[in-house]
Amino acid sequence: RPPRDGGIRYRGLTQEQILPVDYEIEYICRGNRVIVGPKVRKCLPNGTWTDITQHSRCLLLCPRVWTSLENGRVALKPPGPPVEGTVLHYSCHAGFMLEGRNITHCTKLGKWDSSKPVCLCKCGMESQSIYKLYIGALFPMSGGWPGGQACLPSAQMALDLVNNRTDILPDYELELIYYDSMCDPGESTKLLYDLLYTEPIKTVLMPGCSSVSTLVAEAARMWNLIVLSYGSSSPALSNRNRFPTFFRTHPSATLHNPTRVRLFQKWKWTKIATIQQTTEVFTSTLDDLEQRVKEAGIEISVRQSFLTDPAVAVKNLKRQDARIIVGLFYETEARKVFCEVFKEKLYGKKYVWFLIGWYADNWFKIKDPSINCTIENMTEAVEGHVTTEIVMLNPETIRGASNLTSQEFLGALMNRLGGKNPEETGGFQEAPLAYDAVWALALALNKTVAPLKAKGRRLEDFNYNNHDITAEIYRALNTSSFEGVSGHVVFDAQGSRMAMTLIEQLQGGSYKKIGYYDSSQKNLSWFGNDVWIGAGPPADSTIVIEEFRYLSQKLFAAVSVFAGLGILLGIVCLTFNIYNSNVRYIQNSQPYLNNMTAVGCMMALAAVFPLGIDGHHIHRSQFPVVCQFRLWLLGLGFSLAYGSMFTKIWWVHNLFTKKEEKKEKRKHLEPWKLYATVGVLLAIDVLSLMIWQIVDPLHITVEKFTREAPKGDLDVLIQPLLEHCTSEKMNTWLGVVYGYKGLLLLLGIFLAYETKSVSTEKINDHRAVGMAIYNVAVLCMITAPVTMILTSQQDASFAFAALAIVFSVYITLVVLFVPKMRRLITRGEWQSEQQDTLKTGSSTNNNDEEKSRQLERENRELQKIIQEKEQRVSELRNQLVERQALRNRRRPSSGTNQNHSNPSPPSSQPDPKSLLPPPGYPNPASDNHSSLPPSFSNSSNLYQADSKISRNHCHNSQIPLLYK
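Reading the values: rules and limits
- Position numbers for residues start from 1 in each chain and track the written sequence from start to end.
- Predicted model: local features are reported for residues with pLDDT of at least 70 only, side-chain atom pairs are reported and counted for 80 or more only, and whole-chain, interface and lining totals are derived from all residues.
- Computation of side-chain values: all heavy atoms of the structure, hydrogens and water removed.
- Secondary structure counts use DSSP, requiring at least four H or I residues in a row for a helix and at least two E residues in a row for a strand, with both numbered from the N terminus.
- Contacts are assigned to residue pairs with any non-hydrogen atoms lying within 4.5 Å of each other.
- Using a 1.4 Å probe, accessible areas were evaluated by the Shrake-Rupley method; residue-level cover was limited to the displayed protein chains.
- The span one expects for a helix is its residue count, reduced by one, times 1.5 Å.
- Buried residues are those whose accessible area, probed at 1.4 Å on protein chains only, stays under 20% of the maximum for their type, while exposed residues exceed 50% and partly exposed ones sit between those limits.
- Throughout, the arc means that of the directions going from the helix axis to the C-beta atoms.
- Nonpolar core, defined: a set of buried Ala, Val, Leu, Ile, Met, Phe, Trp, Tyr and Cys residues in which side-chain atoms within 4.5 Å join the residues together.
- Strand pairing is assigned whenever DSSP identifies at least 2 bridges connecting the two strands.
- Angular values range over 0 to 180 degrees, each being the angle between N-to-C directions of two axes fitted as lines to C-alpha atoms, with helices fitted over their stretch in contact.
- Roughly parallel refers to an angle under 35 degrees, roughly antiparallel to one over 145, roughly perpendicular to one between 65 and 115, and oblique to any angle outside these ranges.
- Residues are grouped as follows: Ala, Val, Leu, Ile, Met, Phe, Trp, Tyr, Cys and Pro are nonpolar; Asp, Glu, Lys and Arg are charged; every other residue, Gly included, is polar.
- Any Phe, Tyr or Trp ring, taking Trp's six-membered ring, that has another such ring centre within 6.5 Å forms a pair; planes under 30 degrees apart are called stacked, those over 60 apart edge-to-face, and the others tilted.
- Disulfide assignment relies on a single distance test, namely cysteine sulfur atoms paired within 2.5 Å.
- A pair is scored as a salt bridge if a Lys or Arg side-chain nitrogen falls within 4 Å of a carboxyl oxygen belonging to Asp or Glu.

Asker: Explain the overall build of the protein chain here, please?
Answerer: Scanning the protein chain from terminus to terminus reveals 26 helices and 28 strands. A fraction of 68% describes how many contacts in the protein chain between residues 6 or more apart in sequence connect residues 24 or more apart. If you sum the accessible surface of the protein chain, you get close to 49,200 Å²; carbon and sulfur atoms cover 56% of it.

Asker: Whenever I open this one, helix α11 (residues 467–478) confuses me. Can you help?
Answerer: Across its 12 residues, α11 extends 16 Å between first and last C-alpha, which sits within 8% of the 16 Å expected from 1.5 Å per residue. Buried within α11 we find Ile-469, Thr-470, Glu-472, Ile-473, Ala-476 and Leu-477. Taken down its axis, α11 places every buried residue within 160 degrees of arc, on the same side. Among the structural elements, β13 (202–207), β14 (226–229), β15 (246–248) and α10 (431–454) are those in contact with the buried residues of α11.

Asker: Please clarify how the nonpolar core should be interpreted in this entry.
Answerer: Generally speaking, a soluble globular protein has its nonpolar side chains buried in company with each other. Formed by 137 residues in total, the largest nonpolar core has its most connected members in Phe-338, Trp-353 and Phe-354. Here the element with the most residues in this core is α10; it accounts for 13 residues. In contact with Phe-338, not counting residues within four places along its chain, are Trp-353, Leu-355, Trp-363, Met-378, Ala-381 and Val-382. Core analysis: the second largest hydrophobic core is formed by 44 residues, Leu-605, Ile-773, Val-809 and Leu-813 among them.

Asker: I keep staring at the sheet that holds strand β4 (residues 40–42) and nothing clicks. Help me out?
Answerer: Across a sheet, paired strands are connected by hydrogen bonds in the backbone, their directions being either parallel or antiparallel. Strand order in this open sheet of three strands is β1-β2-β4, and the pairing throughout is antiparallel. Unpaired on one side and paired on the other, β1 (6–10) and β4 mark the two borders of the sheet. Within the sheet, the average angular offset between the axes of one strand and its neighbour, ignoring direction, is 25 degrees. As defined by bridge partners, strand β2 (residues 24–29) adjoins β4 across three bridges and the pair is classed as antiparallel. Within β4, the residue paired with Ile-25 across the bridge is Arg-41.

Asker: Help me out: how do you make sense of the packing of helix α7 (residues 331–344) against helix α8 (residues 375–382) in this one?
Answerer: Any two packed helices are characterised by the angle at which their axes cross and by the distance between the axes. For the pair α7 and α8, interaxial distance at closest approach is 9 Å and the crossing angle is 85 degrees. Taken together, the axes of α7 and α8 lie roughly perpendicular to each other. Here Arg-335, Phe-338, Cys-339, Val-341 and Phe-342 of α7 lie close against α8, whose contacting residues are Asn-377, Met-378, Glu-380, Ala-381 and Val-382. For the contact of α7 with α8, the class distribution of residues is seven nonpolar, one polar and two charged.

Asker: I'm lost on the environment of Gly-297 in this one. Help?
Answerer: Along the polypeptide, Gly-297 turns up in the loop between α5 (280–295) and β17 (299–306). Look at Gly-297 and you get exposed, because its relative accessible area is 54%. Along the backbone, Gly-297 and Gln-265 are 32 residues apart, and their C-alpha atoms lie at a distance of 9.6 Å.

Asker: Before we go on, may I ask you to explain the packing of aromatic side chains in this structure?
Answerer: Here the distance between the centres and the angle between the planes together describe a pair of aromatic rings. Scanning the entire structure with this criterion turns up 29 aromatic pairs. Ring plane angle 10 degrees and centroid distance 5.9 Å describe the contact between Phe-342 and Tyr-347, whose orientation is recorded as stacked. For the pair shown, Phe-342 and Tyr-347 are each scored as buried. An angle of 10 degrees between the planes, with centres 5.8 Å apart, marks the rings of Trp-692 and Trp-733 as stacked.

Asker: Mind showing me how you'd approach the sheet that holds strand β18 (residues 324–328) here?
Answerer: Here we have eight strands laid out as an open sheet, ordered β17-β16-β18-β19-β20-β23-β24-β25, and mixed in their pairing. Here the strands that pair on one side only, and so sit at the sheet edges, are β17 and β25 (523–526). Across the sheet, the axes of successive neighbouring strands diverge by a mean angle of 25 degrees, strand direction being ignored. Here strand β20 (residues 386–390) runs beside strand β23 (residues 501–507); their pairing, made up of five bridges, is antiparallel. The partner of Thr-387 across the bridge, within β23, is Glu-504. Across the sheet, α5 lies against β16 (271–277), β17, β18 and β19 (352–356), angled at about 170 degrees from β16, the strand it touches most. Contacts from α7 reach β16, β17 and β19 within the one sheet, and its direction differs from that of β19 by about 170 degrees.

Asker: Any chance you could explain the state of the cysteines here in plain terms?
Answerer: Covalent bonding between the sulfur atoms of two cysteines defines a disulfide. What the rule picks out here adds up to six disulfides. What pairs with Cys-183 in a disulfide is Cys-209, and their sulfur atoms sit 1.7 Å apart. Taken as a pair, Cys-183 in the loop between β12 (172–180) and α2 (185–197) and Cys-209 in the loop between β13 and α3 (210–220) lie far apart in primary sequence, 26 residues in all. Taken individually, Cys-183 and Cys-209 each receive the classification buried, so the pair is uniform in this respect. In this model, Cys-339 is linked to Cys-373 through a disulfide, with the two sulfur atoms separated by 2.0 Å. In this structure, the disulfide formed by Cys-339 and Cys-373 twists by about 80 degrees around the S-S bond and is classed as right-handed. Residue Cys-339 is located in helix α7, and its partner Cys-373 is located in the loop between β19 and α8; the two are separated by 34 residues in the primary sequence. For Cys-339, a relative accessible area of 2% gives the class buried. With its disulfide-bonded cysteines labelled consecutively along the sequence, the protein chain is connected as 1-2, 3-5, 4-6, 7-8, 9-10, 11-12.

Asker: Sorry, what's going on with the pattern of salt bridges here?
Answerer: A side chain with one charge may pair with a side chain of the opposite charge, provided their charged atoms come close. Across all of its chains, the model carries 18 salt bridges by this definition. Here Glu-472 makes a salt bridge to Arg-475, at a shortest N to O gap of 2.6 Å. Taken as a pair, Glu-472 and Arg-475 lie in helix α11 at a separation of three residues, close to a single helical turn. Taken together, the salt bridges that share partners define one network made up of Asp-287, Glu-290 and Arg-303.

Here it is in structure tokens:
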């Protein structure tokens, strides 16, 4: 069961489930309560829990400030956190007396049952003893940065020298209380607790490693403690609001960034990549670098991070073509990174790595079980990388506050290390900073003695509640300025060390100095001994050469020849049509519409030339003009050529597919209607093109293709580019134009099919027009979608579009004009319309329509003549009857008797003489053709039988047969 005011935390399972053996549960408390007793219990095989006899309770925590006593000692029983039942026993140091109760109890309300006592100095007595001032330190002897291996001996060496100096803190002795933080914030939390809640009181804290320093510095403000770090470079620690009492002799990691930016500019790099370990120090450093490179006009193209395994991050760098790479990680992770670098071949003459300079000199040769690369692999991968390192050892031979030169310090440090190899000792480079940190603290404390004495205070009076002494130490450190073994020691407003930067390069397996950079003066001192695997510093990225794809000039020339010949053919056809415009056969083909077709064809052919013009011929600024020529020439050419043909076929359909009663009204075709139809189609195109160019004008765009690698080991890529004429809503406009033109093409095909068997005199070449429409429609409907698909292939797209135009125009011109030329040349019909009308019907024109018209006219004339003749025949019959009656009266009586005796029917054949026509009429025995007009005689073959009809056989029923 959970304790009162607490609960149980189940790790991955719920209370209702059956808990397995070795499963652990954890007790937690609410509010300001802590667990007293077992905090974690484990399930045993017998079904019980560990420590089942011990109870766990959640008790209120009493204030910890009672657990320490200034100038005295506190005994806590039982040991552990001050909770209900805890008893404190107080006692004072020699020379002091206790004022208040010497014992106090923690109640169940979380309060002590008495006020905290104090230790007062005994009156009339003055202590002549040496007081100890304790420094609580955390040295990372292992972990990500084992800097304590060299920094701890360096600090101890400085303490020995300070304590032996009679002019520095003569009444005090500095003592170091330290723990191994392992560069782990979790472990450091526990150690910090021990430092603060165990005697004696610590005057100053000295952490190392940025993650640990961040934890300590943020907590120290609550105990009025000054924090002085010797090995923390995180830029986040420069935040005075967050860390008001923090100082460091190690400069901020951001001090590397101005140096890096200066090197980027020196080698003319404008694109870099970064890879970092996910910790606050490196994240803050990278944020600062990003801001600085942005101000310098440099781009961070790739930014990768990792927690423990850098494999994926390194692969991403390779995939994204990173060349100049800044790496921010601890030494142990650096070995992992470069093992992956070796596997991915991310090293060599094409790459430059920038690393932190505070690794051990042989960091890449140290055997690491976490990687599977050999020393030879690592040495090959790291060759040529550049490091930026804060100058941590004074390059000049100057004796500073410790009366040691930098070389004498190194000699003394080597003796303390007992002959260990400096390259294998963590923190050897930072050892001067730890040494100077102790001296900075000693000098600052020495500076506070007089001001505190004037206020009636002493350093030994310091406790965690005394803000005045902390403020004096803060002011002393903030104004520190002395020569140390690491150089001139001075702190900026954020408490960070100001220093120069050393630039080194790994050459042949060892680091060589190649320059210094003073960020305060922006001065780069360059030695000029940098070495590169290639001919010089590599490019910051693969050099991309932009190469425009141009149309094949051979193809353009070939198609241009065909287009030129087509234009010449169009001129010949146009000249022929204009010259023979008075010939009846040409007139009956509507020559003006044919002229428009020829002009439209020539305009369409002229569009082939701007279709093939690209950046190879003109400057890019002139390309939009070429785009306009393409659009207008092709659009208007199509409208003229196809519009005139469409108009012909449209009117033929209107004339000969209507009802019979409406045909007569449309026999006479008015030419202006044809021209108006073409004008309407042309106006629609002009208006749509104008709207297009005003609303969304054509402009040039560049299409990029997949980069291509040239042959050879060249660090370049070819970027193919292709220029296009386009607009913002190109697809919309093309959809409108193609839709409109497509409907016209489909309608033209339908009309041509409907009128394929129609014959008309006014438009005698409509069958040829229909054939041309078929060819144009098919080619256009195939070409339009194919060219849209092939738009990225300049040669194929141009060839398909241009040849479609050429073939369409050639077919149209040949079908429409060549038959006319052949007819007029072979038959010699070069007469004008006036001459042609003088000839008789069938000999002037063999066209079926002309024959039909002539026959209709002759039929009407014959019907009129027949009516006149019929009337005359009727008159003649009446005269014959009268004559016959008169002749019968004059016959002799003998004839009468004879007729009575021999009766016979009247003769059916009258006397030929009696049938002679009256004077003025032609003889029936003579040629009937001589009495007919010429027009009638011309049709003698057709009406030969009817022309021989006798007068006795003339009847109204015979008249309709004349036409039939």
